[in-house]
Amino acid sequence: MNKDVGLSEEVKELIDDFISRKRKQILIALYPKRKLSQGELAKAVGTSTASLANILLNFEGFRYPLLESESEGKRRYYSLSRLGRDYIENCRRQEKKEEKGKIVRDSSQMLQKAKECLGEFQVLEEDWEFELEEALLDRIECRKIKANESQKAVDEFLKSIEYVLTYDYENQIMNILGFMDGNKILRVRMSRFIDIFDLFRPVLEAWENGFDALQLYELLDAVISNEQKRGRTYAEALNWTEEYDRLAEGISYVTKKAAGEELQVLYECFQSFLAGNQVLSGFLAREIYKRVQGRDNT
């Protein structure tokens, strides 16, 4: 067994052939520098100690050292070798590269959808620039949205660009503002709408990335209740810094703008800035409306 081998392309291919799903789970459980006993490792990967013992024998028989072990008293502890860490880091870089490629492809598709929705709106409205400006103002000012085909087209257009910005903000923001080239007022309105959306973008990102929904609700509840200490505890789990303050600013903005409106209007306002996400919008609208009604009844 060569203990000094590096992760060349040839070595990586041999490890790829050796690594099964369960074996990879063991490497991930020990990454980057965890040291676990056999019992702890079995629990971490969801298998029995007997099954794990057989898997560990396979690692010992492999020509390249992916694991290291040492005895402490009656227990034997396992950790990753340098090669094992290099392999997992290489896998993660590859996964990120593939994910980025998927995001770029999805963003391009949604950008194309946004163009099609805008084209639809232009067909429906002869004076489309004026109507789009009014539609953006309605959303910026959190006013009741008219229920017609033109507004549905605007909603689809805005949802498409919000999706693009959620995943690929830096690369696509200028492309989206470019839709409004030739009309300075419309570009200003779109820029303002995106500024407000950007306050909510972190929570939409967390939702789309599968962050625990219950913790996300607790975070939103803390922001609504202005319980900063509790809210920032949940924000830390998301590695948020200024994002918490941005979210609080966004919720406060919509709450003030839609003050005195019915629950449905408040719900639609949040939908406008959360890419049509019904669950998050419904939770925010209901909790805020309930608190406002409670204050009014006291």
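To keep things clear, this report deals only with the structure shown in the data block. All values reported here derive from a predicted model rather than from experimental measurement.

## Focus: unusual backbone geometry
Note that the residue after Tyr31, namely Pro32, is joined by a cis bond; omega there is -5°. Topologically, Pro32 is positioned in the loop between helix H2 (21-30) and strand E1 (36-37). Phi at Cys142 takes a positive value of approximately 60°, unusual for a residue other than glycine. Assignment of secondary structure puts Cys142 in the loop between helix H6 (128-140) and helix H7 (149-177). A relative accessible area of 1% places Cys142 in the buried class.

## Some words on the environment of Ala235
Along the polypeptide, Ala235 turns up in helix H10 (residues 228-237). In the structure, Ala235 is positioned 47 residues away from Gly282 in sequence and 21 Å away in space, judged by C-alpha atoms. For Ala235, the residues in contact, after removing those within four places along its chain, are Leu219, Trp240 and Tyr244.

## Regarding the pairing of strand E3 (residues 75-80)
Bridge count for E1 against E3 is two bridges, and the pairing is antiparallel. Residue pairing across strands places Leu36 opposite Tyr78, the latter belonging to E3. Relative to E3, strand E2 (residues 67-72) runs antiparallel, the two sharing six bridges. Following the sheet pairing, Glu70 is matched in E3 by Tyr77. What sits between E2 and E3 in their antiparallel hairpin is a turn of two residues, with Gly73 showing a positive phi close to 65°.

## A closer look at the pattern of salt bridges
Here the structure, examined in full by the defined rule, presents 24 salt bridges. Here the residues in one salt-bridge network are Glu218, Asp221, Glu227, Arg230, Arg286, Glu287, Lys290 and Arg291, joined through shared partners.

## Regarding the packing of H2 against helix H3 (residues 38-45)
Running from amino to carboxyl end, H2 crosses H3 at an angle of 115°, the nearest separation of the two axes being 9 Å. If you check the angle between H2 and H3, you find them roughly perpendicular. Crossing hand, H2 versus H3: right-handed. Residues Lys22, Gln25, Ile26, Ala29 and Leu30 of H2 touch H3, and the partners they reach there are Leu41, Ala44 and Val45. Its residues assigned to classes, the contact of H2 with H3 comprises six nonpolar, one polar and one charged.

## Some words on the side chain of Arg201
Within the fold, Arg201 resides in helix H8 (residues 184-208). Here Asp198 takes part through its side chain, which lies 2.6 Å from a polar atom of the side chain of Arg201. Sequence-distant contacts of Arg201, that is, excluding residues within four places in its chain, are made with Leu165, Thr166, Tyr169 and Arg246.

What counts as what
Residues numbered from 1 in each chain as written. Predicted model: local features only at pLDDT ≥ 70, side-chain atom pairs only at ≥ 80, totals over all residues. Heavy atoms only, no water. Helix = DSSP H or I, 4+ residues; strand = E, 2+ residues; numbered from the N terminus. Buried < 20%, exposed > 50% of the residue type's maximum accessible area, 1.4 Å probe, protein only. Contact = heavy atoms within 4.5 Å. Pairing = 2+ DSSP bridges. Salt bridge = Lys/Arg side-chain N within 4 Å of Asp/Glu carboxyl O. Axes fitted to C-alpha atoms, helices over the stretch in contact; angles between N-to-C directions. Parallel < 35°, antiparallel > 145°, perpendicular 65-115°, else oblique. Left-handed = near helix turned anticlockwise from the far one by under 90°. Nonpolar A, V, L, I, M, F, W, Y, C, P; charged D, E, K, R; others polar. Polar contact = N/O pair within 3.5 Å; in protein donor to acceptor, adjacent residues only side chain to side chain.

Read these as geometric descriptors, not functional statements.
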